[in-house]
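Listed here are the chains, written in short residue letters.
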Amino acid sequence: MTKSLLRTERAAAAAAVVTVVLWASAFVSIRSAGSAYSPGALALGRLASGALTLGVISLVRRSGVPPRSAWRGIAISGVLWFGFYMVVLNWGEQQVDAGTAALVVNIGPILIALLGSRLLGDAMPPRLLAGMGVSFAGAVTVGLSMSGNGGSSVLGVALCLLAAVAYAGGVVAQKPALARASALQATTFGCLVGAVMCLPFAGQLIHQAADAPVSATLNMVYLGVFPTALAFTTWAYALARTTASKMGATTYAVPALVVLMSWLVLGEVPGLLTLAGGVLCLAGVAVSRSRPRAKAERAAAATEPQPEQVP
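Because the structure is a prediction, the values reported are computed rather than measured.

### Here we look at helix α8 (residues 183–197)
The α-helix winds at 3.6 residues per turn, so residues separated by three or four positions along the chain end up facing the same way. For α8, built from 15 residues, the straight-helix expectation of 21 Å at 1.5 Å per residue is met to within 8% by its first-to-last C-alpha distance of 21 Å. Where α8 is buried, its residues touch α2 (39–61), α3 (71–95), α7 (154–177) and α10 (214–239).

Structural data, given as structure tokens:
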């Protein structure tokens, strides 16, 4: 492996870490803002904050408009992932407890792997499949350990399932667009498409913002600036440099980080079963992103200077 390729992989991995940390923090903020804002209003406020932030950055960086060939993927991801996903996830989390929501939404990486293999030709190496299996077992453990008695509804589970499908479809649609557009372009215009899709909720947002506590509104703005504008951009940067399946598997770290953040921020002390599930999530991500040792050794050997042969 060349040094430039190694630097690219490390940069993509660092971007993925930023993404999963900020997405995990979103679950904590949604719980706070969701008490004052309805699902559609919260989604619109979040997307509007994100689109404004990304618009300013795009103007400063003069990123321009994506090429026409990238618009199909950007539009589909904007409708499915930025728009539909955020509304139904907010709605679903009002119907079910956090553990059930996390459990159902975490079928998303599996759907990404299946769709990526079918539509994008992504490879499905044994380590990726094994890591996804371990992480999904961890997500199930976290979900079951955090689920409250009688906290679930058929509607809530169905909404979280729709969110997972929209998430997977959005990722797979975005991947080919990133071959033609930059990460900033894809995120900015995808977020704008999602915001336009949520404009019917503008009346709710204006009415609820007048009565909402400042903390809830600040959490909504935080969701737009950091888990949306920043995290979706770092996600797109990393996705452009790896497969959709591997990036989907990386998001299995989110439940483990949610458990940690809930402990630190909300004072919700996790039980041993929850902690064990979080460890499994992280272990699975590590396995899915690792490379076979023999392959890594061959790549390293290929970059070493070979001794000159003496005639």
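### Overview of the confidence of the model for the protein chain
Put simply, the protein chain has an average pLDDT of 83, and 86% of its residues get 70 or more. Across residues 299–311 the pLDDT falls below 50, and counting only partners more than four positions away or on other chains, this stretch makes six contacts in the model.

### Re the packing of α2 against helix α9 (residues 202–211)
Running from N to C, α2 and α9 cross one another at 90°; their axes reach a closest spacing of 8 Å. Comparing their axes, α9 and α2 come out roughly perpendicular. Contacts between α2 and α9 involve Ala41, Leu44 and Gly45 from the first element and Ala202, Gln204, Leu205 and Gln208 from the second. Looking at the contact of α2 with α9 residue by residue, the class counts come to four nonpolar, three polar and no charged.

### Looking at the nonpolar core
Tyr37, Trp81, Tyr85, Val171 and Trp235 are the most contacted members of the largest nonpolar core, which totals 67 residues. Broken down by element, the residue count for this core peaks at 11 residues, all from helix α1 (residues 3–33). Among all residues touching Trp81, those that are not within four sequence positions of it are Trp23, Ile76, Met86, Ala166, Tyr167, Gly170, Val171, Gln174, Phe232 and Trp235. Core analysis: the next-biggest nonpolar cluster, separate from the first, contains 10 residues, Ala249, Tyr252, Ala253 and Cys281 among them.

Rules behind the numbers
- Residues numbered from 1 in each chain as written.
- Predicted model: local features only at pLDDT ≥ 70, side-chain atom pairs only at ≥ 80, totals over all residues.
- Heavy atoms only, no water.
- Helix = DSSP H or I, 4+ residues; strand = E, 2+ residues; numbered from the N terminus.
- Expected span 1.5 Å × (residues − 1).
- Contact = heavy atoms within 4.5 Å.
- pLDDT = per-residue confidence, 0-100.
- Axes fitted to C-alpha atoms, helices over the stretch in contact; angles between N-to-C directions.
- Parallel < 35°, antiparallel > 145°, perpendicular 65-115°, else oblique.
- Nonpolar A, V, L, I, M, F, W, Y, C, P; charged D, E, K, R; others polar.
- Core = buried A, V, L, I, M, F, W, Y, C linked by side-chain atoms within 4.5 Å.
- Buried < 20%, exposed > 50% of the residue type's maximum accessible area, 1.4 Å probe, protein only.

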